[in-house]
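Summary of structural features
Each chain is listed here by its residues.
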Amino acid sequence: MSPEPNASSADGPVSLRDRIGALLHGRVVAALELLVVPLLLALHASGLFIKPKLPLLLFGWLSMWLRRVGWRQIGLARPGSWPKTVLTAIVIALAYNALDIGVILPLLRRLTGEPLDLAAFAALRGDTGTLMLLLAVAWISAAFPEELLYRGYILNRLGDVFGRSTAGWAAAAALVCLTFGLAHHAQGITGVLDNILAGALFATLYFVSGRNLWLPILVHGIIDTSSVVLLYFGFQP
């Protein structure tokens, strides 16, 4: 039961942080809180807002702090075995990238009639400086923060909305995959669909690893790294 405005705990008055946090635990409030995600993505798509990744991460951290939920609780915890996790990530990432390039993207291109829009990477081919920059970006600005945001904060917050049953998690994962795909709208409709499928992979890895974020983070980063290297050498999927 949520504390009353003037309630006191055994150790003294309830703090403002805990009062706000208690309100944020409700399903309706959680759903209203998550409206900020499509709002910022829509503003970004319309050109009226900067990239929303960092603001959304900060917003998610604030929500978690108020609710006294730590990053470890949503999956940023040490995996059982680092060597096994890293090796598994390498195998899955390279296999998925080969499947994506050889099968998924050609099928999506036939379906949509549009190729993957990689205009943002036009300057990468043969440019070692750009390669080094994008390799850093692949981890610092993509794999790590995106997994914290999408599979960490948003997925778990949707779990609060739908309930943490199998059906609830499935609904939450589906919405996160859709959101993740739409966030990559700059890559065109083929890129959106491709990223929805990639998001499904990352969500699956999150759940099969016991809701640990490190396997999807590593797979995400290795996929992006291998893709950047291929573009550097002039390979266009």
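What comes next concerns the included structure.

Cut-offs applied
- Residues numbered from 1 in each chain as written.
- Predicted model: local features only at pLDDT ≥ 70, side-chain atom pairs only at ≥ 80, totals over all residues.
- Heavy atoms only, no water.
- Salt bridge = Lys/Arg side-chain N within 4 Å of Asp/Glu carboxyl O.
- Helix = DSSP H or I, 4+ residues; strand = E, 2+ residues; numbered from the N terminus.
- Buried < 20%, exposed > 50% of the residue type's maximum accessible area, 1.4 Å probe, protein only.
- Axes fitted to C-alpha atoms, helices over the stretch in contact; angles between N-to-C directions.
- Parallel < 35°, antiparallel > 145°, perpendicular 65-115°, else oblique.
- Contact = heavy atoms within 4.5 Å.
- Nonpolar A, V, L, I, M, F, W, Y, C, P; charged D, E, K, R; others polar.
- Polar contact = N/O pair within 3.5 Å; in protein donor to acceptor, adjacent residues only side chain to side chain.

**Section: the pattern of salt bridges**
For the structure on display, the rule yields seven salt bridges. In this structure, Glu146 engages Lys53 in a salt bridge whose closest nitrogen and oxygen atoms are separated by 3.1 Å. In this pair, Glu146 sits in helix H6 (residues 128-162) while Lys53 sits in helix H4 (residues 53-66), placing the two residues 93 residues apart along the sequence. By relative accessible area, which is 24% here, Lys53 ends up partly exposed. The partner of Arg67 in a salt bridge is Asp160, and the shortest N-O contact between them spans 3.7 Å.

**Re the packing of helix H1 (residues 16-24) against H4**
Where H1 contacts H4, the two axes come as close as 8 Å, and the packing angle between them is 105 degrees. With respect to each other, H1 and H4 are oriented roughly perpendicular. On H4, the residues that touch Arg17, Ile20, Gly21 and Leu24 of H1 are Ser63, Trp65 and Leu66. When its residues are assigned to classes, the contact of H1 with H4 shows four nonpolar, two polar and one charged.

**Observations concerning the side chain of Asn97**
As for its position among the elements, Asn97 is in helix H5 (residues 82-112). Exposure remark for Asn97: the relative accessible area of 5% places this residue in the buried category. At a separation of 2.7 Å, a polar atom in the side chain of Asn97 contacts the side chain of Ser226.

**Let's talk about the side chain of Glu147**
Inspection of the secondary structure assignment puts Glu147 in helix H6. Those residues in contact with Glu147, other than ones at most four positions away along the chain, are Ala142, Gly152, Phe202, Leu213, Pro216, Ile217 and His220.

**Some words on the environment of Ala171**
Mapped onto the elements of the fold, Ala171 is located in helix H7 (residues 166-182). In this structure Ala171 comes out as partly exposed when scored by relative accessible area, which is 31%. The sequence separation of Ala171 and Leu158 amounts to 13 residues, and the corresponding C-alpha distance is 8.3 Å.

**Quick word on unusual backbone geometry**
For Arg68, which is not glycine, the phi torsion reads 55 degrees and is therefore positive. As for its position among the elements, Arg68 is in the loop between H4 and H5. Residue class for Arg68 comes out partly exposed when judged on its relative accessible area of 47%. You will see that Arg211, though not glycine, has its phi angle at about 55 degrees, which is positive.

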